[in-house]
Amino acid sequence: MNQLGLQPQDPNVYFAQLFGMRDNLSFPLGSQGYNVFKYLPYGKVEEVMPYLLRRAAENSAVLGDSVSELDMLKEALYKRTIGR
């Protein structure tokens, strides 16, 4: 971020992600003081699904990323419960 001249709490820069997607990217940004928010589309299913499908089509790596995120979630769950 320093190479781009982005400082934490810059009032002109926000990172936004769809709720439930790639928390492993947004949480570190937030913990370093950057402006991060998650958004959650809501409404009738027939209104929300076209939007979500467009987002999935825009990000062709959605399925591949979900597998790697699932692996990270499993590892975190293991560490928090069994691997103390």
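Residues numbered from 1 in each chain as written. Predicted model: local features only at pLDDT ≥ 70, side-chain atom pairs only at ≥ 80, totals over all residues. Heavy atoms only, no water.

J.: Help me understand the overall build of the protein, please; the structure alone is not making it clear to me.
T.: Each helix and strand in the protein was counted, giving three helices and two strands. Order of helices (α) and strands (β) in the protein, N terminus to C terminus: β-α-β-α-α. Across the protein, the fraction of contacts at a sequence separation of at least 24, relative to all contacts at a separation of at least 6, is 35%. (Helix = DSSP H or I, 4+ residues; strand = E, 2+ residues; numbered from the N terminus. Contact = heavy atoms within 4.5 Å.)

J.: Whenever I open this one, the packing of aromatic side chains confuses me. Can you help?
T.: Under the counting rule described, the total for this entry stands at one aromatic pair. An angle of 85° between the planes, with centres 6.1 Å apart, marks the rings of F15 and Y34 as edge-to-face. Taken together, the positions of F15 in strand β1 (residues 15-18) and Y34 in the loop between α1 (23-31) and β2 (36-39) put the pair 19 residues apart, joining distant regions of the chain. Its relative accessible area of 24% is what places F15 among the partly exposed residues. (Phe/Tyr/Trp six-rings, centres within 6.5 Å; stacked < 30°, edge-to-face > 60°. Buried < 20%, exposed > 50% of the residue type's maximum accessible area, 1.4 Å probe, protein only.)

J.: Sorry if this is basic, but what is going on with the side chain of S26 here?
T.: Here S26 is to be found in helix α1. Polar side-chain contacts of S26 include one of 3.0 Å to the side chain of Q17. (Polar contact = N/O pair within 3.5 Å; in protein donor to acceptor, adjacent residues only side chain to side chain.)

J.: Help me understand the pattern of salt bridges in this model?
T.: If the charged atoms of two oppositely charged side chains come close together, the side chains can form a pair. Across all of its chains, the model carries one salt bridge by this definition. Between K38 and D23 there is a salt bridge, with its nearest N and O atoms 2.7 Å apart. Residue K38 is found in strand β2, and its partner D23 is found in helix α1; the two are separated by 15 residues along the sequence. (Salt bridge = Lys/Arg side-chain N within 4 Å of Asp/Glu carboxyl O.)

J.: Help me out: how do you make sense of the pairing of β2 in this one?
T.: Regular strands place their side chains on alternate faces of the sheet. Across four bridges, the pairing between β1 and β2 is parallel. Residue L18 lies in a different strand from β2, and its bridge partner there is Y39. After leaving β1, the chain enters α1 and then returns to the sheet as β2, a path that is right-handed. (Pairing = 2+ DSSP bridges. Right-handed = clockwise from strand over helix to strand, strands pointing away.)

J.: I keep staring at the environment of Y34 and nothing clicks. Help me out?
T.: Classification of Y34 by relative accessible area gives buried; the value is 9%. Between the C-alpha atom of Y34 and that of L6, which follows or precedes it by 28 residues, the distance is 8.9 Å. Once you skip the residues sitting within four places of it in the chain, Y34 turns out to touch M1, L6, Q7, P8, Q9, F15 and L29.

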